[in-house]
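Below are the chains, spelled out letter by letter.
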Amino acid sequence: MRCRSHELAREPTGAVLGVLNMLNKMIKEEAPDRIAVVFDAPGRTFRDDLFDQYKAHRTPMPDDLRAQVQLCMTRWRPWACRCCVCPASKRMM
């Protein structure tokens with residue numbers, strides 16, 4: 001029986017693995033010169049201002065996923081990616 005790292009640490013890692021696999025696939029297929037990974041900061045975003053029903057019917061984020069968000073934000077270094085968190089006042093165009 002194979003042991004998985006998340007089983008040893010007793011922490012969920014499925015979302016981290018999924019995000020990193022998507023990034024790795026995109027790099028292999030697209031061969032970009034530069035990569036930036038952007039996360040919304042907690043709270044209201046410009047999307048809430050554009051559409052008052054934004055996330056109105058979305059269930060709250062599960063605790064096991066919430067625990068992985070910070071981990072996702074730190075795992076870009078092997079690809080030399082820039083990672084930033086955009087506060088609600090910033091609007092990406």
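Residues numbered from 1 in each chain as written. Predicted model: local features only at pLDDT ≥ 70, side-chain atom pairs only at ≥ 80, totals over all residues. Heavy atoms only, no water.

(A) Structural context of the nonpolar core. By size, the foremost hydrophobic cluster in this structure holds 8 residues: Val-16, Leu-20, Leu-23, Ile-35, Val-37, Phe-39, Cys-72 and Met-73. For this core, the secondary-structure elements that each account for two or more residues are α2 (14–30), β1 (36–40) and α4 (63–73). For this core, the element with the most residues is α2, which contributes 3 residues. (Core = buried A, V, L, I, M, F, W, Y, C linked by side-chain atoms within 4.5 Å. Buried < 20%, exposed > 50% of the residue type's maximum accessible area, 1.4 Å probe, protein only. Helix = DSSP H or I, 4+ residues; strand = E, 2+ residues; numbered from the N terminus.)

(B) Quick look at unusual backbone geometry. A positive phi angle, near 45°, is found at Ala-31, a position not held by glycine. Even without glycine at this site, Lys-55 takes up a positive phi of about 60°. Among the structural elements, Lys-55 can be located in the loop between α3 (46–50) and α4.

(C) How the structure looks around α2. Compared with the 24 Å implied by 1.5 Å per residue over 17 residues, the 24 Å span of α2 between its first and last C-alpha is a close match. Taken residue by residue, α2 has Val-16, Leu-20 and Leu-23 as its buried positions. Within α2, the buried residues cover an arc of 60° as seen down the axis, which keeps them to one side. Projecting away from the buried face of α2 at angles above 90 degrees are the exposed residues Gly-14, Leu-17, Met-22, Lys-25, Lys-28, Glu-29 and Glu-30. The inward-facing, buried residues of α2 abut α4. (Expected span 1.5 Å × (residues − 1). Arc of directions from axis to C-beta. Contact = heavy atoms within 4.5 Å.)

(D) Just α4, in detail. Among the residues making up α4, those that are buried are Gln-68, Cys-72 and Met-73. Around the axis of α4, the buried residues are gathered within 135° of arc, so they sit on the same side. Of the residues in α4, the exposed ones pointing more than 90 degrees away from the buried face are Asp-63, Ala-67 and Gln-70.

(E) Structural context of the environment of Val-19. In this fold, Val-19 is placed in helix α2. For the pair Val-19 and Arg-75, spaced 56 residues apart in sequence, the C-alpha separation works out to 9.6 Å.

(F) Region of the structure containing the pattern of salt bridges. As enumerated under the stated definition, the model contains 2 salt bridges in all. One salt bridge in this structure joins Arg-44 and Asp-49, with 2.7 Å as the shortest N-O distance. (Salt bridge = Lys/Arg side-chain N within 4 Å of Asp/Glu carboxyl O.)

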